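Spelled out, the chains give:
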Amino acid sequence: GKPTLYGSLTRRGLSDEGLPDIAASEGFTVGGVTKKSILVSCPHENVSTKFLAPYTTFSRIHQKSVTCLDISSGGGLGVSTSTDGTMKIWQAANGEIRRLLEGHVYDVNCCRFFPSGLVVLSGGMDAQLKIWSAEDASCVVTFKGHKGGILDTAIVDRGRNVLSCSRDGTARLWDCGKSACLGVIADCGAVLNGIAVGAADNSLNLGTPEDTPSEREVGTEGKILLLAREDKKLQGVGLQSRQPVFLFVGSDAFNCCTFLSSTYLLAGTQDGNIYQLDMRNTNAPIQVICRSGAPVLSLLPYQDGFIASQGN
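Residues numbered from 1 in each chain as written. Predicted model: local features only at pLDDT ≥ 70, side-chain atom pairs only at ≥ 80, totals over all residues. Heavy atoms only, no water.

- By the naming in an unreviewed UniProt entry, the protein goes by PAAF1 factor and is assigned to Eudromia elegans.
- Looking at the Sequence similarities (unreviewed entry) heading of the UniProt record, one finds this comment for the protein: "Belongs to the WD repeat PAAF1/RPN14 family." (UniProt positions renumbered as here; feature names shortened; annotations may be inferred.)

Below you can see the structure in the form of structure tokens.
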């Protein structure tokens, strides 16, 4: 609720130890400076931020913005998509390009490795979901059924089933072995920007399926699907039951969501809020974090906390 404070940092030279000598403008102070970090604080507001230098930089994989990336479970390979229209697999150690995955029409929006690290799942603006071999770049399976661009995907357990969400407002469950749609898990009537699947706490009522689940459905029992919706709603749905579990209304469109545990979740909005919720009672958030008004674009659990990326 206060006006933003602006300041600048100026490098005046190098110290005898080879560290930059940095001065801050009025209202800000520079604390510890190392070759890898700068600590800047604003004593008047009692806030500080540590700016870190990148550990390593890969600048030759894509020509334009990177829109999505994932690292294989073993840490050996990376896969990424870009607004330059390409999807590539590369060595995580040195950024060396290994494979070009070509076959989507228009932009590819999302990509992720299966738990094996040998197979990639991608979704594009062409409303197609594709599975690729990381070893020879062949497209093994193409799923068709969505009526709009696919914006996010999720993998159930080891990957016999996968999930996708789309601009058409639906989330679908797919059978990889028979390359068939096993059902529409949710039809929201609003664009679905992000999804996440996780095991739910036993105390949570996930509902009962109306029909007996197909034997092709593997690992859906006891799972909850989170839906980050464009209409400012965050929804939880029983994956096997297809029944709504909760509906939370936020301050703006939800862009992304993830699980912190079987009871706690995080979700980020277009106006910069990160909500932490307890799925057993979503009437009020545990906390709302807002560092800036920039859109929250992705969230990832990390150690005891999480990593967030924003549009600024």
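Structure shown, so let's carry the discussion forward.
Here's the deal with the overall build of the protein
Then, in step 1: A count of helices and strands for the protein gives zero helices and 27 strands.
Then, in step 2: Taken along the three principal axes of its C-alpha coordinates, the protein extends 70 × 50 × 30 Å.
Then, in step 3: Buried positions account for 43% of the 312 residues belonging to the protein.
Then, in step 4: Contacts in the protein between residues far apart in sequence, at least 24 positions, make up 38% of those at least 6 positions apart.
Then, in step 5: Carbon and sulfur atoms make up 48% of the accessible area of the protein, which totals about 16600 Å².
Then, in step 6: A gap of 4 Å separates the mean positions of the 28 positive and 30 negative side-chain charges of the protein. (Helix = DSSP H or I, 4+ residues; strand = E, 2+ residues; numbered from the N terminus. Buried < 20%, exposed > 50% of the residue type's maximum accessible area, 1.4 Å probe, protein only. Contact = heavy atoms within 4.5 Å. Areas by Shrake-Rupley, 256 points an atom, 1.4 Å probe, with all protein chains shown as cover. Lys, Arg positive; Asp, Glu negative; His and termini not counted. Charge placed at Lys NZ, Arg CZ, Asp CG, Glu CD.)

Thoughts on the nonpolar core
Then, in step 1: If you look at the biggest cluster of nonpolar residues, it comprises 25 residues, and the most contacted ones within it are Val 79, Leu 101, Phe 143 and Val 162.
Then, in step 2: Listing elements by their share of this core, those giving two or more residues are β7 (77-82), β8 (87-91), β10 (108-113), β11 (119-124), β12 (129-133), β13 (139-143) and β14 (150-156).
Then, in step 3: Element by element, the count of residues in this core is highest for β10, at four residues.
Then, in step 4: Ignoring any residue separated from it by four or fewer positions in sequence, one finds Val 162 in contact with Phe 114, Leu 121, Leu 129, Phe 143, Ala 154, Ile 155, Arg 172, Leu 173, Trp 174 and Cys 176.
Then, in step 5: Counting residues in each nonpolar core, the second largest holds 18 residues, with Ala 196, Leu 204, Ala 228 and Phe 259 among its members. (Core = buried A, V, L, I, M, F, W, Y, C linked by side-chain atoms within 4.5 Å.)

Considering unusual backbone geometry
Then, in step 1: Despite not being glycine, Asn 46 shows a phi value in the positive range, around 55°.
Then, in step 2: Looking at where Asn 46 falls in the secondary structure, it is placed in the loop between β4 (37-42) and β5 (47-52).
Then, in step 3: A residue is classified by how much of its surface remains accessible, and Asn 46, at 71% relative accessible area, is exposed.
Then, in step 4: Of note in the backbone geometry, Gln 303 takes a positive phi value of approximately 50° without being a glycine.
Then, in step 5: Along the chain, Gln 303 falls in the loop between β26 (296-302) and β27 (305-310).
Then, in step 6: We classify Gln 303 as exposed; its relative accessible area is 69%.

Quick notes on the side chain of Ser 122
Then, in step 1: As for its placement among the helices and strands, Ser 122 is situated in strand β11.
Then, in step 2: For Ser 122, a relative accessible area of 0% translates into the label buried.
Then, in step 3: A distance of 2.7 Å separates polar atoms of two side chains, one belonging to Ser 122 and the other to His 104.
Then, in step 4: Of note is the side chain of Ser 122, whose polar atom sits 2.8 Å from the side chain of Trp 132. (Polar contact = N/O pair within 3.5 Å; in protein donor to acceptor, adjacent residues only side chain to side chain.)

Some points on the state of the cysteines
Then, in step 1: With the rule as written, the count across this model stands at zero disulfides.
Then, in step 2: Between Cys 42, a cysteine without a disulfide, and Cys 290, which holds the nearest cysteine sulfur, the sulfur-to-sulfur distance is 17 Å.
Then, in step 3: The exposure class of Cys 42 is buried, given its relative accessible area of 5%.
Then, in step 4: As a non-bridged cysteine, Cys 176 has Cys 181 as the owner of its nearest cysteine sulfur, 12 Å distant.
Then, in step 5: Residue class for Cys 176 comes out buried when judged on its relative accessible area of 14%. (Disulfide = S-S within 2.5 Å.)

Some remarks on the layout of surface pockets
Then, in step 1: Each pocket or cavity is described by its volume, and for the largest pocket that value is around 2100 Å³.
Then, in step 2: Around the largest pocket, the lining is made up of 50 residues, and of these Cys 68, Leu 69, Ser 298, Leu 299 and Leu 300 lie nearest the centre.
Then, in step 3: Of all the elements in the fold, those that place two or more residues in the lining of the largest pocket are β6 (66-71), β10, β14, β18 (192-199), β22 (254-259), β26 and β27.
Then, in step 4: With seven residues, β26 is the largest single contributor of residues to the lining of the largest pocket.
Then, in step 5: In the lining of the largest pocket, the residues fall into 31 nonpolar, 13 polar and six charged.
Then, in step 6: The space that makes up the second largest pocket amounts to roughly 1000 Å³.
Then, in step 7: Lining the second largest pocket are 23 residues, with Val 47, Ser 48, Thr 49, Phe 51 and Arg 291 positioned closest to its centre.
Then, in step 8: Among the secondary structure elements, those contributing two or more residues to the lining of the second largest pocket are β4 and β5. (1 Å grid on protein atoms, 1.4 Å probe; cavity = no way out; pocket = protein on both sides within 12 Å on 5 of 7 lines; lining within 4 Å. Points joined across faces, edges and corners; volume = space filled by probe spheres on them. Nonpolar A, V, L, I, M, F, W, Y, C, P; charged D, E, K, R; others polar.)

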